[in-house]
Amino acid sequence: MRFELNLSKMPAWQDDEKVQYILKADDDFIRLNQLIGRQITIEFLNEKHCSNCGNKFADLFRMGFCKNCFFTAPQAGESIIRPELSQAHLGIEDRDLDFEKSYQLQEHIVYLANGGDLKVGVTRAKQMQNRWIDQGASEAIVLARTENRFQAGEMEVALKGLMGDKTPWRKMLKNEIPTIDLVKEKLKVKESLSAEMQQFFAAGEDEVYQFNYPVEEWPTKISTLNLDKEPKAEAVLKGIRGQYLILQGGLVFNIRAHTGFRVSFAFA
Ligand SMILES: [Zn+2]
């Protein structure tokens, strides 16, 4: 079977057992879990498409956007990456106030997650589980619930002195996950919040969400596949975690870092 597609984030969800992944091809959905243990081939077709305007470019600028979209599209606005810069709650436009209002003025959460280290993060409440899966977290807990993106961003900034805000992806992909009691950490963090921020603390919300990724064998050594340098890879798919395909021999492929790359994807 051979498909063509512009790479984009894999939709994922957890069923009773494991996280399930889909790769969206031009006209099909490929259930990736079924391909674990099988040989796959990924080949770069030398075309890149902006994930916002869809146009074809020799190269994309950042995050799957062409240069123009990166600097003008509301989907690439500063507050997307840095929630504390959100200003829609003040009625101030960055690029498109309607978009920014609908995106920022909704319930957000601040969370603690363990994907190799304790980290803090921010996301929209309705998609928290997707976010945790995309980051490859083993476990996560809701720390606070806020009315908008700005409040969550402020809290995250306040907590960055206590812990990181990035997933240590090599540890995550090798499944080197320390034991961390997230309920305990949450209570510790509460102490360091200002009185103003404590109003958002998610008291009593102590469910620890756990994620089980479909990986047959964890790699002990990791190397990364970069399609700009090496346009074709052929190997057995060993598993999937976060937005990474883990191939035989510890070669890992970051789908998000290749957003917009046009590829063929084949399997026997
Ligand atoms: Zn574009």
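Residues numbered from 1 in each chain as written. Predicted model: local features only at pLDDT ≥ 70, side-chain atom pairs only at ≥ 80, totals over all residues. Heavy atoms only, no water.

### Digging into the sheet that holds strand E9 (residues 139–146)
In plain terms, the rule: Pairing between strands is defined by DSSP: at least two bridges between the two strands are required. Helix and strand definitions follow DSSP, with helices as H or I runs of at least four residues and strands as E runs of at least two, each counted in order from the N terminus. Contacts between residues were defined by any pair of non-hydrogen atoms, one from each residue, lying within 4.5 Å. Helix axes are fitted to C-alpha atoms over the stretch in contact, other axes to C-alpha atoms as well, and angles between N-to-C directions run from 0 to 180 degrees.
Pairing is antiparallel in the open sheet, where four strands are placed in the order E8-E7-E9-E10. Either end of the sheet is taken by a strand with one partner, and the two such strands are strand E8 (118–124) and strand E10 (209–210). One ladder, built from two bridges, connects E9 with E10; its direction is antiparallel. Within E10, the residue paired with Glu139 across the bridge is Gln210. Sitting on the sheet, helix H5 (residues 149–159) touches strand E7 (108–114), E8 and E9, and the angle it makes with E8 is about 170 degrees. Sheet strands in contact with helix H7 (residues 182–192) are E7, E8 and E9, and its direction is about 30 degrees off that of E9.

### Side note on the coordination of the zinc ion
In plain terms, the rule: Only nitrogen, oxygen and sulfur atoms qualify as donors, provided they sit within 2.8 Å of the metal or within 3.2 Å for Na, K and Ca; with water excluded from the atoms, sites may seem incomplete. Every angle between 85 and 135 degrees makes a four-donor site tetrahedral, while opposite donors more than 155 degrees apart, with all other angles between 65 and 115, make a four-donor site square planar and a six-donor site octahedral; other sites are irregular. To sort residues, take the accessible area from a 1.4 Å probe on protein chains only and compare it with the maximum for the residue type: under 20% means buried, over 50% means exposed, and anything in between is partly exposed.
Protein coordination at the zinc ion: the donors are Cys50 (SG), Cys53 (SG), Cys66 (SG) and Cys69 (SG), at 2.3 to 2.4 Å from the metal. Every donor counted, the four donor atoms about the zinc ion form angles of 101 to 119 degrees at the centre, which fits tetrahedral coordination. Written as a sequence motif, the donor arrangement for the zinc ion is C-x2-C-x12-C-x2-C. Of this pair, Cys53 sits in the loop between strand E5 (39–49) and strand E6 (56–57) while Cys66 sits in the loop between E6 and helix H1 (67–72), and the two are 13 residues apart along the sequence. Judged by relative accessible area, Cys53 falls into the partly exposed class, the value being 35%.

### Side note on the domain arrangement of the chain
Our working rule: Those domain boundaries reflect an automatic or database domain assignment. When two parts are put together, the accessible area they lose, computed with a 1.4 Å probe and summed over both, is reported as buried area. Think of a salt bridge as a Lys or Arg side-chain nitrogen and an Asp or Glu carboxyl oxygen that are within 4 Å of each other. In protein, a polar contact means a hydrogen-donor-capable atom and an acceptor-capable atom, both N or O and within 3.5 Å, with residues adjacent in sequence counting only if both atoms are side-chain atoms; elsewhere, any N or O pair within 3.5 Å suffices.
Domain parsing of the chain yields domain 1 (2–71 + 215–267) and domain 2 (77–210). Summarising the inter-unit geometry, the C-alpha centres of domain 1 and domain 2 are found 26 Å apart. Contacts between domain 1 and domain 2 engage 23 residues on the former and 17 residues on the latter. Summing the contributions of domain 1 and of domain 2, the shared interface buries around 1600 Å²; its carbon and sulfur component is 53%. The largest per-residue losses of area from domain 1 upon contact with domain 2 belong to Ile222, Arg241 and Tyr244, which jointly make up 37% of the total buried on that side. Taken together, domain 1 and domain 2 are joined by one salt bridge. Counting every contact that joins domain 1 to domain 2 gives 10 residue pairs in polar contact (both at pLDDT 80 or more). Among the secondary structure elements, those contributing two or more residues to the side of domain 1 that touches domain 2 are strand E2 (12–14), strand E3 (19–24), H1 and strand E13 (244–247).

### Description of the environment of Met63
Along the chain, Met63 falls in the loop between E6 and H1. A relative accessible area of 35% places Met63 in the partly exposed class. Expressed as a C-alpha distance, the spacing of Met63 and Met10, which sit 53 residues apart in the sequence, is 15 Å. Leaving out residues up to four positions away in the same chain, Met63 has contacts with Ser51, Phe70 and Ile81.

### Points about the sheet that holds E3
Ordered in space as E2-E3-E4, the three strands form an open sheet in which the pairing is antiparallel. Every other strand in the sheet has two partners, leaving E2 and strand E4 (29–31) as the edge strands with one partner each. On average, each strand axis in the sheet is tilted by 25 degrees relative to the strand beside it, whichever way the strands run.

### Section: the pattern of salt bridges
Counted according to the given criterion, the structure contains 17 salt bridges. Lys160 is the salt-bridge partner of Asp165, the closest N and O atoms lying 3.2 Å from each other. Asp165 sits in the partly exposed class, given a relative accessible area of 24%. Asp206 serves as the salt-bridge partner of Lys186, at 3.7 Å between the closest nitrogen and oxygen.

### With respect to the nonpolar core
For the record, the criterion: In this description, a nonpolar core means a group of buried Ala, Val, Leu, Ile, Met, Phe, Trp, Tyr and Cys residues linked to one another through side-chain atoms lying within 4.5 Å.
Within the largest apolar cluster, 52 residues are counted, with the highest numbers of intra-cluster contacts made by Leu32, Trp132, Leu245 and Phe265. Looking at which domains feed residues into this core, each of domain 1 (2–71 + 215–267) and domain 2 (77–210) supplies at least three. Excluding residues within four positions of it along the chain, Trp132 makes contact with Ile109, Tyr111, Ala137, Ala140, Val142, Tyr209, Phe211 and Tyr213. In terms of nonpolar packing, the next biggest core, distinct from the first, is built from 19 residues, Leu112, Val120, Ala144 and Leu159 among them.

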